[in-house]
There are 2 protein chains.
Amino acid sequence: MSKVLVVGSVALDSVETPRGIHKDLLGGSATHFSFSACNFTDVRLVGVVGRDFPAEHVKALQAKGVDTSGLKHEDGLTFRWTGRYRGTMDSAETLSVDLNVFGDFRPEVPEEFRSTPYVLLGNASPDTQRITLDQLDHPRFVMMDTIDLWIKTKRVVLENLLGRVDALCVNYEEARKLAQKHNMASAIRVLLDRGPRVIIIKRAEHGATLATRDMIFHVPAYPTDRVVDPTGAGDSFAGGVLGYLSKHGDDEASLRNSLVYGAVMGSFAVEEFGTHRLQEIESKEIQVRLDALKKMMAL
Amino acid sequence: MSKVLVVGSVALDSVETPRGIHKDLLGGSATHFSFSACNFTDVRLVGVVGRDFPAEHVKALQAKGVDTSGLKHEDGLTFRWTGRYRGTMDSAETLSVDLNVFGDFRPEVPEEFRSTPYVLLGNASPDTQRITLDQLDHPRFVMMDTIDLWIKTKRVVLENLLGRVDALCVNYEEARKLAQKHNMASAIRVLLDRGPRVIIIKRAEHGATLATRDMIFHVPAYPTDRVVDPTGAGDSFAGGVLGYLSKHGDDEASLRNSLVYGAVMGSFAVEEFGTHRLQEIESKEIQVRLDALKKMMAL
């Protein structure tokens, strides 16, 4: 019963930050999510890579218990993203995107994955997300992410999709654009009216906010002083959230707690390039940060 | 014993936001602070205005119990600030500053104010802040604010001053510049090393963070959907913090709670132009937001 399905990108990232330059890092939303959520639950991954995708990366996912039987290998090249962060690393500058095999990706959710109770529709075209959703068999809790690009180019499809998911998990800027509102309280109200019963707003180093019609909850970011590469922090956050929910259910108390797990996992993600830090986390370290974050919120 | 002294600017502000334009509003750091702190404690104000300063403004402060006997009236014009906020109102664009009588301000703290236990050195030149500090008689808790301008032009004086105060209360951008660090955890460590035992980082709509050597605490912003004019939010926040501390002492539990009061007062400040919203707050409204914010943090 405690399982999570993620459908999203698996990529090779090249990243430049003030802390260095790394090429061909294992990346992608489904990857970061998986390396995070696997600390709490069984993860099933659906995605696509090209013939150039190193076998060792698949093995690394499998070594963490991630079920990669939904990872398609196609002729062609793997999705590649090249980006740069400067100064305070508040935002990524995309230098190039080669969608390659991910461009025509029509996810096929394996039969045995279709009734997975907790699902992340990772960032992808809302058409791709809809195709995935159509294949699912009564999931208990579906969360979706999206980005600026789809808000600009696919608003109608996106808005229809919002009426079919349980939770929207986006960053603050995207929430404001999607809702066409300038402040958080107004944006949350508009987004709840669009359908999802849970809105999660990722605020990077400012933490994250979760709202339903009945409550609003905020978790601060864990204040790590080792910020090396912010790529994948949001997906790692989502992995903590769904990882926790899949074990504890999605009532209000669980939703609140899940956000703390998300914040902790996001804080690890930024501490090394790519997935390096995520891959080496020990459960003891997670517990230390959970405790520290809870103290940061306790009156 | 429960008294607070504020030394800072009293101004006439002209402000443009997406919600309208208003001229000659009652403004200034000491003003916003006073209208906030007076909800919790007795406030003593030291500042300077010109002959053009409307008598009704002084009466408005006095009507809230603010002791204005330290407010000097000089020949010349009152400090005037003209600014504009656009879009999401994240930052103010200064259109003009006329320091006028505030330019040569050498505060004279009245004899009977000198032993006030809780003190805010509101934003002013660090020389002005030092002159104030030199006149105080064993204050229990001195908090100082500062801005970008003084970090750029008066770093040495500012850093010396940091060694003489109990708390520094600045916005995030200023904290990073003063500490010359890119992330919050590093900035806090550097600033604690400079002297103050309490560092408070104001993060506007992202809340506020308080740190000592022993703990770190974060409060979210109260999510008001009525953001009309952000001017004075930080000073109103400081008024809530020191107002609370002056009643309850400055141990760890009080420091944590004071931040919630600060966040609530900041949320009121932005809801009307100038000090209009602050001047009409009822204690019942404060309690409702305190309760709501605490629920936003409760696991």
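In this text, all values refer to a predicted model and were calculated from it rather than measured experimentally. All residue numbers refer to positions counted from 1 along the written sequence of the respective chain. Numbering of ligands from 1 and lettering of chains from A proceed in the order in which they are written. The model is predicted, so local features are restricted to residues of pLDDT at least 70 and side-chain atom pairs to those at 80 or more, both for listing and for counting; the totals for chains, interfaces and linings are taken over all residues. Only hydrogens and water are removed before side-chain values are computed, so all heavy atoms of the structure are retained for them.

All names here are of chain A. Here an angle of 0 to 180 degrees is reported between the N-to-C directions of two axes, which are lines fitted to C-alpha atoms, with helices fitted over the stretch in contact. Going along the chain from the N terminus, every DSSP run of H or I of four or more residues is numbered as a helix, and every run of E of two or more is numbered as a strand. With their axes 9 Å apart at the nearest point, helix H9 (residues 252-269) and helix H11 (residues 283-297) run at an angle of 120° to one another. Taken as axis vectors, H9 and H11 run oblique relative to one another. When the axes of H9 and H11 are compared, the crossing they make is right-handed. Contact residues: H9 offers Asn257, Val260, Tyr261, Ala263, Val264, Met265, Ser267 and Phe268, while H11 offers Glu285, Ile286, Arg289, Leu290, Leu293, Lys294 and Met297. Throughout, the term roughly parallel applies to angles under 35 degrees, roughly antiparallel to angles over 145, roughly perpendicular to angles from 65 to 115, and oblique to all others. If you view the pair so one helix is near and one far, a crossing is left-handed when the near helix is turned anticlockwise from the far one by less than a right angle, and right-handed when it is turned clockwise. We call two residues in contact whenever any of their non-hydrogen atoms come within 4.5 Å of each other.

Within a sheet, neighbouring strands are paired by backbone hydrogen bonds and run either parallel or antiparallel to one another. Residues and elements named next belong to chain A. Strand pairing is assigned whenever DSSP identifies at least 2 bridges connecting the two strands. Pairing is mixed in the open sheet, where 4 strands are placed in the order S3-S2-S6-S7. Sheet topology places strand S3 (20-27) and strand S7 (92-98) at the edges, where each strand pairs with a single neighbour. Within the sheet, the average angular offset between the axes of one strand and its neighbour, ignoring direction, is 15°. Bridging between strand S2 (residues 11-17) and strand S6 (residues 79-85) involves 6 bridges; their strand directions are parallel. Across the sheet, the residue bridging to Ala11 is Phe79, located in S6.

Time to look at the confidence of the model for chain A. Each residue carries a pLDDT value, the predictor's own confidence for that position, ranging from 0 to 100. Chain-level pLDDT for chain A is 96 on average; 100% of the residues reach the 70-or-more range. For this predicted complex, the interface score ipTM comes out at 0.91, alongside a pTM of 0.94.

A few words on the environment of B:Thr17. Residue and element names in this part refer to chain B. One can find Thr17 in strand S2 (residues 11-17). Relative accessible area serves as the criterion here: at 6%, Thr17 is assigned to the buried category. On a C-alpha basis, the gap between Thr17 and Leu161 in space is 35 Å, while along the polypeptide they are 144 residues apart. The buried label goes to any residue with under 20% of its type's maximum accessible area, the exposed label to any with over 50%, and the partly exposed label to all in between, with areas taken from a 1.4 Å probe on protein chains only.

So, on to the sheet that holds strand S1 (residues 3-7) of chain A. All names here are of chain A. Across the sheet, 9 strands lie side by side as S5-S4-S1-S8-S9-S10-S11-S12-S13; this open sheet has mixed pairing. Bordering the open sheet on either side are strand S5 (67-73) and strand S13 (216-219), each of which pairs with just one other strand. Adjacent strand axes in the sheet meet at a mean angle of 15°, parallel and antiparallel pairs treated alike. One ladder, built from 2 bridges, connects strand S9 (residues 141-144) with strand S10 (residues 167-171); its direction is parallel. Residue Met143 lies in a different strand from S10, and its bridge partner there is Ala167. Along the sheet, helix H3 (residues 126-135) contacts S1, strand S8 (118-121) and S9; its crossing angle with S8, the most-contacted strand, is approximately 160°. This element, helix H6 (residues 172-179), spans S10 and strand S11 (198-202) of the sheet and lies at about 115° to S10.

For B:Glu174, the location among the structural elements is in helix H6 (residues 172-179). Not counting the four nearest positions on each side in its chain, B:Glu174 is found in contact with B:Thr146, B:Ile147, B:Asp148 and B:Ile151.

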